[in-house]
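Structure at a glance
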Number of protein chains: 2
Amino acid sequence: MTFPVVGMVGGGQLARMTHEAGIPLGIRFKLLSASPQDSAALVAGDVVVGDHRDLDTLRAFAKGCDVITFDHEHVPTEHLRVLEAEGIPVRPGPAALVHAQDKGVMRARLTRLGVPCPRHRIVEDPADVRRFAETEAGGFPVVLKTVRGGYDGKGVWIVASAADADRVTEPFLAGVPVLAEEKVDFVRELAANVVRSPHGQAVAYPVVESVQVGGVCDTVIAPAPGLPAATAVAAQEMALTVARELEVTGHLAVELFETADGRVLVNELAMRPHNSGHWTQDGAVTSQFANHVRAVLDLPLGDPRPRAPWTVMANVLGGDFPDMYPAFLHCMARDPQLKIHMYGKDVKPGRKVGHVTTYGDDLADVRERARHAADYLRGIIDE
Amino acid sequence: MTFPVVGMVGGGQLARMTHEAGIPLGIRFKLLSASPQDSAALVAGDVVVGDHRDLDTLRAFAKGCDVITFDHEHVPTEHLRVLEAEGIPVRPGPAALVHAQDKGVMRARLTRLGVPCPRHRIVEDPADVRRFAETEAGGFPVVLKTVRGGYDGKGVWIVASAADADRVTEPFLAGVPVLAEEKVDFVRELAANVVRSPHGQAVAYPVVESVQVGGVCDTVIAPAPGLPAATAVAAQEMALTVARELEVTGHLAVELFETADGRVLVNELAMRPHNSGHWTQDGAVTSQFANHVRAVLDLPLGDPRPRAPWTVMANVLGGDFPDMYPAFLHCMARDPQLKIHMYGKDVKPGRKVGHVTTYGDDLADVRERARHAADYLRGIIDE
């Protein structure tokens, strides 16, 4: 048997769903997880519990793997360079992944490529933030981000005014460079998701709308309603360009701002399966997880096309009720077509613990069904 | 957390795919497997290696489970009665499962229910086979089956003539009763698959055609081409009747013969996910595996309707090439919509090691794509 072993670093829900997608391919899945109770560790057979920041742990883990890939961006880039130098296929490789790890590196590179981004630069201190806002970004508000470590609204600060700039000192205490960006006056957020393999094949999923609530992805609608076809194609081409030029292998999510005047600017990059692609599990011919596995193994990629006119994914966040299982009864009985995806995680308020997916011909209906189920599982509605 | 633990007895591909289907539901899956190398044991986290014929092993396994279900029919009925008496939910329960374990019990019960079956009775010896053939079955050929232990053409003998009856002595050496049946002059085999929950909800999948080669399922076409709607509905109603009257919980496959004069007779019953239902993974809103899990947990069942006009499943049998992974390259490149399902099993000639599924609007195209991929993986074609 030469069926390969895919090693995934990180035991979160992305690893859990990648394992699920890898089972039919017959690949052997090995997990490096911080805890035996992590989402993926609960359902996978071959689990190593260890610290992904420790080089020796990574080296020992990699020994049994044909390829290494990631559930998150938190493995130190320098460790990945060592693994790669030692002959371990790391996908995406550190030269690509650094663009998803370091927002400063990402902005500099995308700007050189001519990919539209918000105006930005690294800032040194509050006085420098004022200078950036007043002379480069067209005024306040501006956004500050630590170049590493932020996600889901963490590591991000809005600076509303010059006076505010002096008060927002926290980013400069984090010990990493701080990136300032103009606060784009966007009408909505989109995501262009593509998958690219080492031999250079790439597929593009339909561009989706990602509805954010409190800086966290709440709902994803595929395809993005009312998006002009030319804009959608341009966004897909932009994502394919980024994947090619950065030599990404695996799934690449390009989070985008759509502006009132119809421009599309890059917000963030993620080089792994991504929340904005969860809809593909039930809504596309080939899911992002299956295509990520195929890509990191350099296998031909699967068809990314949608199976229904509309697919909606709604995240299930932890609420006041610690146990969501009893809600299955209502949700499944109300909507026999509902697809539930739970991550096996303990419920904490605001934590992503699952998602639901619906699909069909009528967007309003599809969206209501997803919304209802997500809210019911969370416990914020009781019918 | 009250997410339940589903304990599955048997580590074959049905357990593997049930585990895969249970991951999104957040249920915890526990496996009793004969070997750590069994198909499901390779991909599940909580695996007990033990003998499913040993009562103490079953008892210890059941302790950590909220419900017990099965990958096969080989657990002794009397052990299941003990577990049930001790308060373990066993689904399907032994009173139902015995009809899938013992063909004699099954035939007697279906006949009492008025469900059409081939003419049959238990026979004692070759002379009795001749009497059955000549006075009850309308002549030779007749079929002999051991009432327990047969599958995929094993445990089945065709007796072509009176002279042949004297030569076919093997069934009478097996130590279990022998069932004689008329050899039905069928035009094709069908399967009516239904799922029933303890609270009595049931769903029926479309009736499929099951193309057999050498007594082994080769291809399944959903829905069965050209089947009159009235016949399809009658077959679904028959399967629902059997599920209700036998108090089946979980997936029930009713294998059927369609005769030249348009009648439908029951061939076999299986009370677990079944090869004739594999198409539902990619072809139905809710797969047989997901619905089996929902049923044994007494959750509302998912929509069984097809997602495409035609879905075809072709089994991948072991051939001369021990390693199928290199064939992925060709199969995936040729057909980006192809769905591959490998079981992680060592290849042996004739052994079911995986299946492929295709779907679409054009049956000839869908069928050709599935056939090509299955044959290419097996190594019997090289284009």
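Residues numbered from 1 in each chain as written. Chains lettered and ligands numbered in written order. Predicted model: local features only at pLDDT ≥ 70, side-chain atom pairs only at ≥ 80, totals over all residues. Heavy atoms only, no water.

- As recorded in an unreviewed UniProt entry, chain A goes by the name N5-carboxyaminoimidazole ribonucleotide synthase, listed as coming from Streptomyces johnsoniae.
- We quote the UniProt Catalytic activity (unreviewed entry) comment for chain A here in full: "5-amino-1-(5-phospho-beta-D-ribosyl)imidazole + hydrogencarbonate + ATP = 5-carboxyamino-1-(5-phospho-D-ribosyl)imidazole + ADP + phosphate + 2 H(+)".
- Recorded in UniProt for chain A, the comment headed Subunit (unreviewed entry) runs: "Homodimer." (UniProt positions renumbered as here; feature names shortened; annotations may be inferred.)

1. Some words on the overall build of chain A
- From N to C terminus, chain A includes 12 helices and 17 strands.
- The C-alpha radius of gyration computed for chain A amounts to 21 Å, which stays within 12% of the reference 21 Å derived for 383 residues, consistent with globular compactness.
- By principal-axis analysis of the C-alpha atoms, chain A measures approximately 60 × 55 × 40 Å.
- In chain A, buried positions account for 62% of the 383 residues.
- Sequence-distant contacts, at least 24 apart, represent 62% of the contacts inside chain A between residues at least 6 apart. (Helix = DSSP H or I, 4+ residues; strand = E, 2+ residues; numbered from the N terminus. Rg over C-alpha atoms; globule rule 2.2 N^0.38 Å. Buried < 20%, exposed > 50% of the residue type's maximum accessible area, 1.4 Å probe, protein only. Contact = heavy atoms within 4.5 Å.)

2. Focus: the side chain of Gln101 of chain B
Residue and element names in this part refer to chain B.
- Tracing the backbone shows Gln101 in helix α4 (residues 94-101).
- Take Gln101: its relative accessible area is 5%, and that puts it in the buried class.
- Those residues in contact with Gln101, other than ones at most four positions away along the chain, are Glu73, Val75, Thr77, Val147 and Arg148.

3. Here's the deal with the relation of the copies chain B and chain A
- For the match of chain B to chain A, the screw axis carries a shift of 0.0 Å, the RMSD comes to 0.0 Å, and the turn is 180°. Each copy turns onto its partner about a two-fold axis. Rotation axis and chain B: the residue whose C-alpha lies nearest the axis is Gly45 of chain B, separated from it by 2.1 Å.
- A symmetric contact is evident, with 98% of the interface residues of chain B recurring at the interface of chain A. (Least-squares fit on C-alpha atoms with pLDDT ≥ 70 in both.)

4. Regarding the interface of chain B and chain A
- Taken together, the contact between chain B and chain A spans 48 residues of the former and 47 residues of the latter.
- Where chain B abuts chain A, roughly 4100 Å² becomes buried across the two surfaces, and 57% of that area is made up of carbon and sulfur atoms.
- When the buried surface of chain B facing chain A is broken down by residue, Ile23, Arg307 and Tyr325 of chain B rank first, second and third, together holding 17% of it.
- Counting across the chain B and chain A interface gives 17 residue pairs in polar contact (both at pLDDT 80 or more).
- Residue composition of the side of chain B that touches chain A, by class: 27 nonpolar, 9 polar and 12 charged. (Buried area = accessible area lost by both parts, 1.4 Å probe. Polar contact = N/O pair within 3.5 Å; in protein donor to acceptor, adjacent residues only side chain to side chain. Nonpolar A, V, L, I, M, F, W, Y, C, P; charged D, E, K, R; others polar.)

5. Description of the sheet that holds strand β4 (residues 67-70) of chain A
Residue and element names in this part refer to chain A.
- Pairing is parallel across the open sheet formed by 4 strands, whose spatial order is β3-β2-β1-β4. At either end of the open sheet lies a strand with only one pairing partner, and these are β3 (46-49) and β4. In this sheet, neighbouring strand axes are inclined to one another by 25° on average, regardless of whether the strands run parallel or antiparallel.
- In terms of strand pairing, strand β1 (residues 5-9) meets strand β2 (residues 28-33) through 5 bridges, oriented parallel. Across the sheet, residue Val6 finds its bridge partner in β2, namely Phe29. (Pairing = 2+ DSSP bridges. Axes fitted to C-alpha atoms, helices over the stretch in contact; angles between N-to-C directions.)

6. Regarding the pattern of salt bridges
- Inspection of every chain in the model, using the stated rule, returns 50 salt bridges over all chains.
- Note that Asp218 of chain A and Arg371 of chain A form a salt bridge whose closest N and O atoms lie 2.8 Å from each other. Placement of the pair is Asp218 of chain A in strand β12 (residues 216-222) and Arg371 of chain A in helix α12 (residues 363-378), with a sequence separation of 153 residues.
- In this structure, the salt-bridge partner of Glu182 of chain B is Arg119 of chain B, at a minimum N-O distance of 3.3 Å. Note that Glu182 of chain B is positioned in strand β8 (residues 178-182) and Arg119 of chain B in the loop between α5 (103-113) and β5 (120-123), a separation of 63 residues in sequence.
- On the accessibility criterion, Glu182 of chain B (15% relative accessible area) is buried.
- Linked through salt bridges whose partners overlap, the residues forming this network are Lys103, Arg107, Lys145, Glu181 and Glu268 of chain A. (Salt bridge = Lys/Arg side-chain N within 4 Å of Asp/Glu carboxyl O.)

7. Some details on the pairing of strand β7 (residues 156-159) of chain A
All names here are of chain A.
- Along β7, the buried face is formed by Trp157 and Val159; none of Val156 and Ile158, which line the opposite face, is buried.
- Taken together, the 4 bridges between strand β6 (residues 142-146) and β7 define a ladder with antiparallel strand orientation. Opposite Val142, over in β7, you have Val159 as the bridge partner.

8. As for the pairing of strand β11 (residues 208-213) of chain B
Residue and element names in this part refer to chain B.
- Here strand β9 (residues 186-196) runs beside β11; their pairing, made up of 3 bridges, is antiparallel. The partner of Leu190 across the bridge, within β11, is Glu209.
- Pairing of β11 with strand β12 (residues 216-222), which is carried by 5 bridges, proceeds in the antiparallel orientation. Bridging across to β12, Val211 finds its partner in Thr219.
- Connecting the antiparallel pair β11 and β12 is a turn made up of 2 residues, with Gly214 showing a positive phi of about 60°.

9. Thoughts on the environment of Ala137 of chain B
All names here are of chain B.
- As for its position among the elements, Ala137 is in the loop between α6 (126-135) and β6 (142-146).
- Assessed through its relative accessible area of 6%, Ala137 is described here as buried.
- Sequence spacing of Ala137 and Val220 is 83 residues, and the spatial spacing of their C-alpha atoms is 30 Å.
- Setting aside its immediate chain neighbours within four residues, Ala137 contacts Arg119, Phe132, Val142 and Glu182.

10. Here we look at the environment of Arg28 of chain B
All names here are of chain B.
- Structurally, the position occupied by Arg28 is in strand β2 (residues 28-33).
- Note: C-alpha distance between Arg28 and Ile340 (312 residues apart in sequence) is 25 Å.
- In this structure Arg28 touches Phe3, Pro4, Val5 and Val6, once residues within four positions along its chain are discounted.

11. As for the environment of Lys63 of chain B
- You can see Lys63 of chain B is positioned in helix α2 (residues 55-63).
- Each C-alpha atom, one on Lys63 of chain B and one on Glu237 of chain B, is 37 Å from the other, the two residues being 174 residues apart in sequence.

12. So, the packing of helix α1 (residues 13-22) of chain A against helix α10 (residues 288-296) of chain A
All names here are of chain A.
- In contact at an axis separation of 8 Å, α1 and α10 are set at 75° when each is read in the N-to-C sense. If you check the angle between α1 and α10, you find them roughly perpendicular. Between α1 and α10, the residues in contact are Leu14, Met17, Thr18 and Ala21 and Phe289, Ala290 and Val293, respectively.
- Across the contact of α1 with α10, the residue classes break down as 6 nonpolar, 1 polar and no charged. (Parallel < 35°, antiparallel > 145°, perpendicular 65-115°, else oblique.)

13. Some words on the packing of aromatic side chains
- Considering all chains together, one arrives at 10 aromatic pairs over all chains under this definition.
- Ring geometry for Phe328 of chain A against Phe3 of chain B: centres 5.5 Å apart, planes inclined by 90°, an arrangement best described as edge-to-face. Pair noted here: Phe328 of chain A is in helix α11 (residues 325-334) and Phe3 of chain B is in the segment before β1 (5-9), and the two residues belong to different chains.
- Judged by its relative accessible area of 5%, Phe3 of chain B is buried.
- Seen in terms of ring centroids, Phe186 of chain B and Phe257 of chain B are 4.6 Å apart; in terms of plane orientation they differ by 20°. Their pairing is stacked. (Phe/Tyr/Trp six-rings, centres within 6.5 Å; stacked < 30°, edge-to-face > 60°.)

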